[in-house]
Amino acid sequence: MLVNHLYFDISRGISFVDYATIFLLTNIKLFREKPPLRAMNFIAILCTNLILIVQMKCIDSIKSPTWGIFFNIFCIFVGMKYDVIDRLRRERSLTDVELRELLLSADTELIAYLKEQAREVAVGVFGREIKSRGLIEISNYCRNNCLYCGIRAGNADVERYRLSAEEIWECCEQGDLLGFQTFVLQGGEDVRHTTEWVEMVVKEIRRRWPEKAITLSLGERPDEDYQRWFDAGADRYLLRHETANAEHYGRLHPEGMSYENRVRCLQTLKRIGYETGTGMMVGSPYQTVDDLVGDLRFIEQLQPQMIGIGPFVSHRDTPFAECENGSVETTLRLIAILRLMHPEANIPATTSLGTLATDGREQGIMAGANVVMPNLSPVSQRKKYALY
Ligand code: SAH
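In every chain, residue numbers begin from 1 and rise along the written sequence. Note on the predicted model: pLDDT of at least 70 is required for a residue's local features to be given, and 80 or more for side-chain atom pairs to be given and counted; whole-chain, interface and lining totals, by contrast, use all residues. With hydrogens and water set aside, each side-chain value is computed from the structure's full complement of heavy atoms.

Points about the site of the ligand
In step 1: Close to the ligand lie 16 residues; Y148, G187, R240, E242 and V313 are nearest.
In step 2: The contact in question runs from a nitrogen atom of the ligand to an N or O atom on the backbone of G187, over 2.9 Å.
In step 3: Calculation on the ligand without its partners gives an accessible area of 550 Å², and the protein chains cover 91% of this total.
In step 4: Class assignment for the residues of the shell around the ligand results in nine nonpolar, five polar and two charged. Think of it this way: one heavy atom of a residue within 4 Å of a molecule or strand is enough to make that residue near it. Distance and chemistry together define a polar contact, namely a pair of N or O atoms within 3.5 Å, with one atom able to donate a hydrogen and the other to accept it when in protein, and with adjacent residues in sequence counting only for side-chain atoms on both sides. Areas reported here follow the Shrake-Rupley algorithm with a probe of radius 1.4 Å; residue values treat only the protein chains shown as occluding. Gly is placed with the polar residues, together with every amino acid not listed as nonpolar (Ala, Val, Leu, Ile, Met, Phe, Trp, Tyr, Cys and Pro) or charged (Asp, Glu, Lys and Arg).

Describing the packing of aromatic side chains
In step 1: Planes of paired rings set the category: under 30 degrees apart is stacked, over 60 is edge-to-face and the rest tilted, where pairs are Phe, Tyr or Trp rings (Trp by its six-membered ring) whose centres lie within 6.5 Å. For the structure shown, the criterion picks out nine aromatic pairs.
In step 2: When the ring of F183 is compared with that of W209, the centres are 5.7 Å apart and the planes differ by 80°; the resulting orientation is edge-to-face. Note that F183 is positioned in strand 3 (residues 182-187) and W209 in the loop between helix 9 (195-208) and strand 4 (213-217), a separation of 26 residues in sequence.
In step 3: Ring centres of Y226 and Y237 lie 4.9 Å apart, and the angle between their planes is 75°; on these two criteria the pair is classed as edge-to-face. With Y226 in helix 10 (residues 223-232) and Y237 in strand 5 (residues 236-238), the pair connects residues that are 11 residues apart, well separated along the chain.
In step 4: In this scheme, a residue with accessible area under 20% of its type's maximum is buried, one over 50% is exposed, and one in between is partly exposed, where area comes from a 1.4 Å probe on protein chains only. With relative accessibility at 0%, the residue Y226 sits in the buried group.
In step 5: Aromatic ring contacts, followed pair by pair, group Y226, F230, Y237 and Y274 into a single cluster.
In step 6: Throughout this description, the term charge over a ring refers to an Arg CZ or Lys NZ atom that lies within 6 Å of the ring centre and within 35 degrees of the ring normal. A cation over a ring is seen here: R162 above Y141, with NZ or CZ 4.2 Å from the ring centre.
In step 7: Here the basic side chain of R251 rests over the ring of Y286, its NZ or CZ set 3.7 Å away from the ring centre. Here a strand is any run of E in DSSP of at least two residues, a helix any run of H or I of at least four, and the numbering for each starts at the N terminus.

Description of the side chain of N144
In step 1: Assignment of secondary structure puts N144 in the loop between strand 2 (134-139) and helix 8 (165-178).
In step 2: Judged by relative accessible area, which is 11%, N144 ranks as buried.
In step 3: At 3.1 Å, the side chain of N144 and the side chain of E189 are in polar contact.
In step 4: Once residues lying within four places of it in the same chain are set aside, the contact partners of N144 are R152, A153, E189 and M257. When checking whether two residues touch, look at their non-hydrogen atoms; a contact exists if any pair is within 4.5 Å.

Here's the deal with the pattern of salt bridges
In step 1: We define a salt bridge as a side-chain nitrogen of Lys or Arg found within 4 Å of a carboxyl oxygen belonging to Asp or Glu. Scanning the entire structure with this criterion turns up 27 salt bridges.
In step 2: Linking R100 and D290 is a salt bridge whose minimum nitrogen-to-oxygen distance equals 3.0 Å. Highlighted residues: R100 in helix 6 (residues 96-104) and D290 in helix 13 (residues 289-302), separated in sequence by 190 residues.
In step 3: Across the pair D223 and R271 runs a salt bridge whose closest N-O atoms are separated by 4.0 Å. Taken together, the residues span a long stretch of sequence, with D223 in helix 10 and R271 in helix 12 (residues 259-272) at a distance of 48 residues.
In step 4: Under the relative-accessibility criterion, D223 is labelled partly exposed at 29%.

So, in structure tokens, the structure goes:
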């Protein structure tokens, strides 16, 4: 194609229509492909112009280069659209306006390129291997009343359960047999989970499986609890910030919970030395695209080791029962953007993605996620841990 493009019989000359047709057929297509081809194309355009100028000098029929040059500039701009992604990859950040545009863009080629780049970066850092974490849902009792969550205290229709220490260790045993290297203990903020009890459970897991990573996700707790569980052997903690807009946070959570306290907990976790995970729900009620940009900035500041995001899924027994679900596509874009901003972070393809699209988790991986969290909870209890 490139050869075609450059080969003109000087003695015949070219008309503007020839020029434009060849230009469109070759350049636009190539320009929209990949950066190395784009660079080649840039050179091709320069050469074409040179030829055109020479032809103008020699052949009377071509007098004005104006339209040709206009075409070139137009095509260069069309080609330049990918630069924003290349810059995001290179500099690991963009302006608020650019991030907003990426989130709202209707350009499927641009977004495909974004995801492709994110996947490439993930493969560069982690190889083709996807990390697997065994999720153990240890209790669905919760003292909180988060408006979006199916196991909120106010939901009287939930059949509550709490795993015993022995049941938790059995799940770990199963996980060990299946080859998991990390156990994630997640649950509602259960008042029966005292500092000492969780400490004892963690210590025993550490004693039996010294090589495994232990992740906790038990919500907001006093600093002392975080410290004692860390000393007992927990190495990671997941606590999503949910939204980095304090006012929005207030609309998703009951009185008594605050954005300030959530951030304080996250800072404590980092200070103690946990590998810390945070993240937001995508498409939660009242969320704006600017809130999402704010979330990206918050994560940029916190520099967590793990970033978990998933679409909001409305639960029928919550005040948000009538609200629309979050968008799978926006979640995938955010995963891709986060991968380019934080190449080394562990980013899961979450269950909620899989809930809203059958191949949601696979799509998450193809957009740069590198972790999955299969459920190790006892099968008899799984249905009861219905967050959405
Ligand atoms: N109690 C723990 C664990 C919460 S469950 C804590 O507070 O951290 C883990 C995550 O599930 C939450 O952080 C929230 O982001 C997500 N979640 C809860 N309800 C949801 C819903 N309806 N749709 C999508 N995600 C939800």
